[in-house]
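Below are the chains, spelled out letter by letter.
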Amino acid sequence: MRAVTQQTFGEPWDVLDVEDVPTPDPGAGEARVRTLLSPIHNHDLWTIRGSYGFKPELPARTGSEAVGVIDALGEGVENLTVGQRVATGGVFGAWAEYFIAPAAGLIPVDQDAADEVAAQLVSMPFSTIALLDWLDLDEGDWIIQNAANGAVGRMLAQLAPTRGINVLGLVRRDEGVAELDAQGITGVVSTESAEWQDRVAEVTGGAKIVAGIDSVGGEASNQVLSQLGEDATLVIFGAMAGGTMALNSGAIIFKNVTIKGFWGSRVMGDLAPQRRGELFTELLTRVADGTLSLTAEATYAFDQVREAAQANFVPGRRGKILLRP
C-alpha cells in the first residue's frame, strides 16, 4: 500500500514523502480500515516537526484521524462488519491507504453524513467539548479565545452557547470578522485595529472574563491575558506562533491569574468512560441539529501532501485541509 512517511523530523513540506509499504494485518481486537479521507491537524504537523508531546520513532508514518471503510477484522471483534463506514481519532498512521485501529475506538458513521464531515468528527470536536467541560464554567460566564477562525475556535464558539457560555473571539485580520459572521459566529474582534480592546469591552458590556484560551503563543498570549478579570484562568491550548509566550508578569500577579496547559489526549484519557460517552453524545447531538458545522477548505491527494501541509497555514482558511489516497 501507499503511505505518507518521514525519515527525519522537520517542516512537513520538507520531510514528507509517499512510499510503498507492507499492508498491515489486524490483530485481536483490531480492524483494518481503508482510508477515504483524513484531515490535517496542527498536532499532526507538530508531531512531524518532533515538537509535540508524542514523538514517534523514525522512520515514521503520520496522521491521526480518518473516515474509512472496514476492510478486515481481527479475532474477537464484534458489532462491526467488513464494508462498514467508520470514523476514528487518536490513531497513528492514518495518512495511508490502510491503517490499523482498535475496534473499540471505531465509530459507525450514519449514511447521511458526508465523508468531509465524518473525517473530522472525532479529534478536534471532542477536544473542544472536553475543553469546555474541563473549564467547569457557570451559565452566563464570558471566555475569550484567540485563533477564533481556526477549527477549534469555530467549534468552541458554536458549542459554548448551548451551555449558556458567552465567547469573545480574537482574530488577527479584519477580514476574519466577516468570515466568521458569514458562518453565524459573532462576538469577534480583530486585533488589527489599534482600538481592539475598546471593542472587546463593547461586545462583553464590560463583563468580567473568567477564562482565556490561547492557541497561538507569542504576543497573542498576552493579548488574551490582558483582557482577563481577577482570579481568571489562562489555558494554553496550542502554540501556532511557536513555543514561547510573551506574558505580562504584572497582569498575572495583580489579577491572580492561574495558567494551565490543556492537552486533549491526557484530559480525555482521564475522563471516566461514562462521562466520555455523555460528552460524545452531546457532540453528536450538536452535529445532528446543525449547531456544529464542520467545513472543509480543500482536499489533496497523498502525492500533494507537502503542498497540503503548507495550505494548512494560509491566512483566511475557512475549513479543514483533507487528504485522500
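Residues numbered from 1 in each chain as written. Predicted model: local features only at pLDDT ≥ 70, side-chain atom pairs only at ≥ 80, totals over all residues. Heavy atoms only, no water.

Structural notes on the sheet that holds strand β14 (residues 258-261)
Definition in use: Two strands are counted as paired when DSSP detects at least two bridges linking them. Each helix is a run of H or I in the DSSP string that is no shorter than four residues. Each strand is a run of E no shorter than two, and both are numbered from the N terminus. Note on geometry: axes are C-alpha line fits, over the in-contact stretch for helices, and angles between N-to-C directions span 0 to 180 degrees. Should any heavy atoms of two residues lie within 4.5 Å, those residues are counted as being in contact.
Read from one edge to the other, the open sheet built from six strands follows the order β11-β10-β9-β12-β13-β14, with strand pairing classed as parallel. The sheet is open, and its two borders are formed by β11 (188-190) and β14, each paired with just one other strand. The average undirected angle you get between the axes of adjacent strands in this sheet is 20°. Judged from the four bridges that link them, strand β12 (residues 209-214) and strand β13 (residues 233-236) form a sheet pairing that is parallel. Residue Ile 213 lies in a different strand from β13, and its bridge partner there is Val 235. Seen against the sheet, helix α8 (residues 219-226) touches β9 (142-145), β10 (166-171), β12 and β13 and runs at an angle of roughly 170° to β12.

So, helix α7 (residues 196-204)
An α-helical turn contains 3.6 residues, so a residue and the one three or four places further along point in the same direction. Which entries qualify depends on this criterion: Accessibility here uses a 1.4 Å probe with only protein chains present; expressed as a share of the type maximum, an area under 20% marks a residue as buried, one over 50% as exposed, and anything in between as partly exposed. Along the arc lie the directions from the helix axis toward the C-beta atoms.
For α7, the full list of buried residues reads Trp 196, Val 200 and Thr 204. Around the axis of α7, the buried residues are gathered within 75° of arc, so they sit on the same side. The inward-facing, buried residues of α7 abut β9, β10, β11, β12 and α8. Where α7 ends, the next residue or the one after it, Gly 205, has phi of about 65°, a positive value.

What about the sheet that holds strand β4 (residues 60-61)?
What the three strands build is an open sheet, ordered β2-β1-β4; its pairing is antiparallel. Of all strands in the sheet, those with a lone pairing partner are β2 (16-20) and β4, marking the two edges. Alignment of strand β1 (residues 2-6) against β2, held across five bridges, turns out to be antiparallel. Paired with Thr 5 across the two strands is Asp 17, which belongs to β2.

Section: empty space enclosed by the protein
The method is simple in principle: a probe with the dimensions of a water molecule rolls over the atoms, and the space it marks as empty is what remains. Our working definition: In the cavity and pocket records, a cavity denotes points on a 1 Å grid over the protein atoms alone where a 1.4 Å probe fits but cannot get out, a pocket denotes an open set with protein on both sides within 12 Å along at least 5 of 7 lines, and lining residues are residues with an atom within 4 Å of a point. Grid points are joined across faces, edges and corners, and a volume is the space filled by probe spheres set on the points.
Taken as a whole and judged by the stated rule, the model has one cavity of 30 Å³ or more. Taken as a whole, the largest cavity encloses approximately 30 Å³ of empty space. Lining the largest cavity, in full, are Gln 145, Ala 148, Gly 153, Ala 157, Val 167, Leu 168, Gly 169, Leu 180, Ile 185, Thr 186, Gly 187 and Val 188. Among the secondary structure elements, those contributing two or more residues to the lining of the largest cavity are α5 (151-159) and β10.

Quick notes on a nonpolar patch on the surface
Stated precisely, the cut-off is as follows: In this scheme, patches are assembled from residues that exceed 30% relative accessible area and form no salt bridge. Like charges are connected within 9 Å, while nonpolar side chains (Val, Leu, Ile, Met, Phe, Trp, Tyr) are connected within 5 Å. Here, Shrake-Rupley sampling with a 1.4 Å probe gives the accessible areas, and only protein chains in the shown set may cover a residue. What counts as a salt bridge is simple: a side-chain nitrogen of Lys or Arg found within 4 Å of a carboxyl oxygen of Asp or Glu.
Taken together, the side chains of Phe 54, Phe 92 and Trp 263 make up a nonpolar region of the molecular surface, amounting to roughly 290 Å² of accessible area. Checked against the element boundaries, Phe 92 lands in the loop between β6 (85-89) and β7 (98-102). Judged by its relative accessible area of 38%, Phe 92 falls in the partly exposed class.

Things to note about the side chain of Asp 141
So the rule is basically this: Positive charges come from Lys and Arg, negative ones from Asp and Glu, while His and the chain ends are left out of the count.
In this structure, Asp 141 sits in the loop between α4 (123-135) and β9. Lys 208 provides the closest opposite charge to the buried, unpaired Asp 141, separated from it by 8.1 Å. Residues contacting Asp 141, with those up to four places away along its chain left out, are Gly 164, Ile 165, Asn 166 and Val 210.

Looking at the packing of α4 against α5
Angle between the axes and distance between the axes: these two values describe a pair of packed helices. In plain terms, the rule: Put simply, angles under 35 degrees are roughly parallel, angles over 145 are roughly antiparallel, angles from 65 to 115 are roughly perpendicular, and the rest are oblique. If you view the pair so one helix is near and one far, a crossing is left-handed when the near helix is turned anticlockwise from the far one by less than a right angle, and right-handed when it is turned clockwise. Residue classes follow a fixed rule: Ala, Val, Leu, Ile, Met, Phe, Trp, Tyr, Cys and Pro count as nonpolar, while Asp, Glu, Lys and Arg count as charged, and any other residue, Gly among them, counts as polar.
One can describe the packing of α4 onto α5 by two numbers: an axis separation of 9 Å at closest approach and a directional angle of 50°. Accordingly, the angle class assigned to the pair α4 and α5 is oblique. In this structure, α4 crosses over α5, and the sense of that crossing is right-handed. Residues Met 124, Pro 125, Thr 128, Ile 129 and Leu 132 of α4 pack against Val 152, Met 155, Leu 156 and Leu 159 of α5. A per-class count over the contact of α4 with α5 returns eight nonpolar, one polar and no charged.

Here we look at the nonpolar core
The line we're drawing: To define a nonpolar core, start from buried Ala, Val, Leu, Ile, Met, Phe, Trp, Tyr and Cys residues and group those joined through side-chain atoms within 4.5 Å.
Core analysis: the largest hydrophobic core is formed by 37 residues, its most contacted members being Phe 126, Leu 131, Ile 213, Phe 262 and Leu 283. For this core, the secondary-structure elements that each account for two or more residues are α4, α5, β12, α10 (264-270) and α11 (273-288). Here this core takes seven residues from α4, the largest share from any one element. Contact partners of Ile 213, with chain neighbours within four places excluded, come to Leu 131, Leu 135, Ile 144, Gln 145, Asn 146, Leu 156, Val 224, Val 235 and Phe 237. One finds Trp 142, Leu 170, Ile 236 and Ala 251 within the second-largest nonpolar core, a separate group that totals 16 residues.

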